[in-house]
Structures are given as structure tokens and as C-alpha cells.
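In case you want the letters, here they are:
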Amino acid sequence: MRHIISILLENEAGALSRVSGLFSARAFNIESLTVAPTEDPSLSRMTIVSVGSDDVIEQITKQLNKLIEVVKVVDLSEAAHIERELMLVKVRATGKDREEMKRIADIFRGRIIDVTESTYVIELTGNNAKLDAFLDAIDRTLILETVRTGVCGIGRGDRILKV
């Protein structure tokens, strides 16, 4: 099962390394990892997406809670949550492909953020399925470069990750 683990940790050198090291020491793959400071500059929020059984994720969560820098750990997948990812795609856009790329970007509510004589850079946000669907909808030979941020997520309603 896919899990989105959100971690509140002290914003200090080496904290990211210790958390990711915990996963690699147990031969557990990280599908996506994002980290940035929160509204409190002394804390960072890390979001890790990984696939594993509930038992394995529970064990990882317990190990994470033992790390000194970790303030709080939440598995967002356990309840209602919102997740988004940002993707930038540079595509070849010449001749008839130019209008087609614009049309497909509009359908997926993407924005063309850079235009040259031969390329577009398209920005899309959404869940993993939406971004994959966009890539499937366009001719793969037109894709020049793709960059994805990884998932960030937040609990819905009153569910918050705070000290």
C-alpha cells in the first residue's frame, strides 16, 4: 500500500540525512521526498511517499519517533488528506504540434510558462494520476525534459501536524 508520511522535524544540518538513512538501512525505498521550512523557521516539514505494508510503515514510524530531531510523525494515508505534486514538462512545439500542446495543456488545466520558437514549458499541478495521464495524452517523442517535485500533502479539516 502507498503511504504518505509527514514528519515535523528540527530544521538543522544532518536531520534529512538521518531520516532518509533510516529508510535505506532497512532497505525500504523512498518513492518521493520533499522537505522545506514551515511557518516556524526552526522546524521543517518532510513528506515521504513509500510503498509497504501497514506493519512495515508502523515500524518505520516508531523508529522515526526515536530520532532526536523528529518532533511529530503522521501517516496522512490513514485519513482524508489532500496531496499535490508539481511537474514542469518541456515539449517540442513546432508546426501543428504547437496548437495541440496548447490544447492538451488547457484540458489538464496546465499553464504554458515559457515559450520559444520551438518549445513550450508546461506547468501542471495535481495528484500523481493526473500528471501521469497528461504524459500519456501527449506524444512521447515530443517530450524533451520532465521535472517533478514529489508529493506534498496535508490532512483535511481539523487534522493538523503541529507541535
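Shown above is the structure to which this text applies.
Residue indices begin from 1 for each chain and proceed along its sequence in written order. For a predicted model such as this one, the threshold for reporting local features is a pLDDT of at least 70, and the threshold for listing and counting side-chain atom pairs is 80 or more; totals across whole chains, interfaces and linings nevertheless cover every residue. Think of the side-chain values as coming from all heavy atoms in the structure, minus any hydrogens and water.

A.B. asks: Looking at this structure, how should I read the overall build of the protein?
C.D. replies: A tally of regular secondary structure across the protein gives four helices and nine strands. Along the protein, from the amino end to the carboxyl end, the secondary structure elements read β-α-β-β-α-β-β-α-β-β-α-β-β. Across its three principal directions, the C-alpha atoms of the protein cover 60 × 35 × 35 Å. Think of it in three bands: with a 1.4 Å probe and only protein chains considered, a residue is buried below 20% of the maximum accessible area for its type, exposed above 50%, and partly exposed in between. Each of the 163 residues in the protein was classed as buried or not, and the buried ones make up 39%. The contact criterion used throughout is that any non-hydrogen atoms of two residues lie within 4.5 Å. For the protein, long-range pairs separated by at least 24 residues make up 74% of all intrachain contacts whose partners lie at least 6 apart in sequence. Strands here are runs of E lasting at least two residues and helices are runs of H or I lasting at least four, both read from the DSSP assignment and numbered beginning at the N terminus.

A.B. asks: Looking at this model, I keep getting lost on the packing of aromatic side chains. Mind explaining?
C.D. replies: Describing an aromatic ring pair means giving the distance of the ring centres and the angle of the ring planes. Only Phe, Tyr and Trp rings take part, Trp by its six-membered ring, and two of them pair if their centres are within 6.5 Å. Stacked means planes under 30 degrees apart, edge-to-face means over 60, and tilted covers everything else. With the rule as written, the count across this model stands at two aromatic pairs. An angle of 85° between the planes, with centres 5.4 Å apart, marks the rings of Phe108 and Phe134 as edge-to-face. In this pair, Phe108 is assigned in the loop between α3 (96-107) and β6 (111-115) and Phe134 in helix α4 (residues 128-137), connecting sequence segments 26 residues apart. Residue Phe108 is classed as buried on the basis of its relative accessible area of 17%.

A.B. asks: Please explain α4 as it appears in this structure.
C.D. replies: A turn of α-helix holds 3.6 residues, and therefore any two residues three or four places apart point the same way. Among the residues of α4, Leu131, Phe134 and Leu135 are the ones counted as buried. Projected down its long axis, α4 shows its buried positions confined to an angular sector of 95°, all on one face. In α4, the exposed positions that point more than 90 degrees away from the buried face belong to Ala129 and Asp136. The arc refers to the directions leading from the helix axis to the C-beta atoms.

A.B. asks: In this structure, what is going on with the pattern of salt bridges? I would like to understand it.
C.D. replies: Here the idea is simple: oppositely charged side chains can pair when their charged atoms come close. Salt bridges are defined as contacts in which a side-chain nitrogen from Lys or Arg sits within 4 Å of a carboxyl oxygen from Asp or Glu. Tallying each qualifying case throughout the model produces 10 salt bridges. Put simply, Glu100 and Arg103 hold a salt bridge, and the shortest N to O gap is 2.8 Å. With a gap of three residues between them, Glu100 and Arg103 both fall in helix α3, about one helical turn apart. Taking relative accessible area as the criterion, Glu100 reaches 32% and is therefore assigned partly exposed. Using a relative accessible area of 44% as the deciding quantity, one classes Arg103 as partly exposed.

A.B. asks: Explain the sheet that holds strand β3 (residues 43-51) to me, please; I cannot follow it from the model alone.
C.D. replies: Strands belonging to one sheet form pairs held by backbone hydrogen bonds; the direction of such a pair is parallel or antiparallel. We treat two strands as partners when DSSP finds at least two bridges between them. Taken together, the four strands give an open sheet; going across it, the order is β2-β3-β1-β4, and neighbouring strands pair in antiparallel fashion. Bordering the open sheet on either side are β2 (32-37) and β4 (70-75), each of which pairs with just one other strand. Each adjacent strand pair in this sheet contributes to an overall mean axis angle of 15°, direction not counted. The pairing of strand β1 (residues 2-10) with β4 spans five bridges and is antiparallel. Counted as the bridge partner of Ile5 is Asp75 from β4. To define axes, lines are fitted to C-alpha atoms, for helices over the stretch in contact only, and angles between the resulting N-to-C directions are given on a 0 to 180 degree scale. Each of β1 and β4 is contacted by helix α2 (residues 54-66), which is oriented at about 165° to β4, the strand it contacts most.

What is shown is where atoms sit, not what they do.
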